[in-house]
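This is what each chain is made of:
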Amino acid sequence: MVALAAFLLCAHSACRRSADAHNLAIVDSLLLVTDSLITGMNALDMAAVARIDSVYASKKDLVEARMHDTLSKNVAILFGNYHRTMTKSMGRAKRDHGVVLQELIVARTQLADLRNDVDKSLLERELEMKYISDERLALAKARHDAGVVASSVGSVIRDQARFGSKVDSLLASDTIPAK
């Protein structure tokens, strides 16, 4: 029995191909990119986004009401840009951050599993290439989505700094009682 087990083990090992170094390097590269994207997503200042959203929620009705008034071109542009950022970019940032981060974490796990399979030559060559191709496509989409989230977060923070005090000043001048 021991001889039969040893024979089967040797026969199985002899039939296995060695790991494809090129494919292993591709998967390692995809892992590095994924790790970098995860780090970038975790570095986004979502606490600042939440604070800005809370502040905007308290004045959203006033901003929208002012946008229906007759305004000078500069003031209308100011309110319009601020409102658009605080609704559209804010919405994307809050809605998509967690989703994209989770997709990247799942992709990281799948890539680690694929790396193990490639390293141990557990897959047929064609299937290995297909999985690598699929992971490249998924990572390209995740990279794009992470870029959109990062851009949205940046827009919210930048436009709050750029327009927030001006909007507050204009809104405050509307609430000063007339004598």
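Coordinates for the structure precede this section.
Within every chain, residues take consecutive numbers counted from 1 along the sequence as written. pLDDT decides what is reported in this predicted model: residues at 70 or higher carry local features, side-chain atom pairs at 80 or more are listed and counted, and totals for whole chains, interfaces and linings draw on all residues regardless. Derived side-chain values reflect all non-hydrogen atoms in the structure, with water molecules and hydrogen atoms excluded from consideration.

1. Thoughts on the packing of helix α3 (residues 46-67) against helix α4 (residues 73-119)
Orientation of α3 relative to α4, taken along the N-to-C sense of each, is 140°, at an axis distance of 10 Å. Here α3 is positioned oblique relative to α4, judged by the angle of their axes. When you trace α3 past α4, the crossing you get is left-handed. Only V75, F79, G80, Y82, H83, M86, T87, M90, A93, K94 and H97 of α4 make contact with α3, whose side of the interface consists of M46, V49, I52, D53, Y56, K59, K60, V63, E64, R66 and M67. We call Asp, Glu, Lys and Arg charged. Ala, Val, Leu, Ile, Met, Phe, Trp, Tyr, Cys and Pro are nonpolar, and the rest, Gly among them, are polar. Taken together, the residues of the contact of α3 with α4 sort by class into 12 nonpolar, four polar and six charged. Lines fitted to the C-alpha atoms define the axes, with helices restricted to the stretch that makes contact. Angles between their N-to-C directions range from 0 to 180 degrees. Helix and strand labels come from DSSP, where a helix needs a run of H or I of at least four residues and a strand needs a run of E of at least two; each type is numbered from the N terminus. Roughly parallel here means an angle under 35 degrees, roughly antiparallel means over 145, roughly perpendicular means 65 to 115, and every remaining angle is called oblique. Here is the rule for handedness: rotate from the far helix to the near one, and if that takes an anticlockwise turn smaller than a right angle the crossing is left-handed, while a clockwise turn gives right-handed. Any pair of residues with heavy atoms lying within 4.5 Å of one another is described as a contacting pair.

2. Some thoughts on the environment of A161
Topologically, A161 is positioned in helix α5 (residues 125-175). Per-residue accessibility, obtained with a 1.4 Å probe over protein chains only, is compared with the maximum for each type, and a residue is labelled buried under 20%, exposed over 50%, and partly exposed between these values. Classification of A161 by relative accessible area gives exposed; the value is 64%.

3. Digging into α3
Here a helix's expected span is defined as the number of its residues, less one, multiplied by 1.5 Å. Spanning 22 residues, α3 covers only 28 Å between terminal C-alpha atoms, well under the ideal 32 Å at 1.5 Å per step. Note that bend, as reported per residue, equals the angle between axes fitted to the 7 residues terminating at that residue and the 7 residues originating from it. The axis of α3 is deflected most strongly, by about 55°, at K59. Every buried residue of α3 is accounted for by A48, V49, I52, D53, Y56, K59, V63 and R66.

4. What about unusual backbone geometry?
Most peptide bonds are trans, and most residues other than glycine sit at a negative phi. Of note, the phi angle at S121 is positive, near 50°, even though the residue is not glycine. Mapping S121 onto the fold places it in the loop between α4 and α5. When its relative accessible area of 8% is taken as the criterion, S121 is described as buried.

5. Section: the nonpolar core
Working definition of a nonpolar core: buried Ala, Val, Leu, Ile, Met, Phe, Trp, Tyr and Cys residues. They are joined through side-chain atoms within 4.5 Å. Core analysis: the largest hydrophobic core is formed by 37 residues, its most contacted members being V27, M41, V63, Y82, M86, L104 and V167. Contributing elements (two or more residues each) for this core: α2 (21-43), α3, α4 and α5. It is α4 that provides the largest number of residues to this core, a total of 13 residues. Excluding its chain neighbours within four sequence positions, the residues that come into contact with V167 are V63, L78, F79 and Y82.

6. Topic: the packing of α2 against α4
Two elements in contact, α2 and α4, have axes separated by 9 Å at closest approach and are oriented at 160°. Judged on the interaxial angle alone, α4 and α2 are roughly antiparallel. Note on packing geometry: the crossing formed by α2 with α4 is left-handed. Along its contact with α2, which presents N23, L24, V27, D28, L30, L31, T34, D35, L37, I38, M41 and N42, the element α4 presents H97, V100, L101, L104, I105, R108, L111, A112, L114, R115, V118 and D119.

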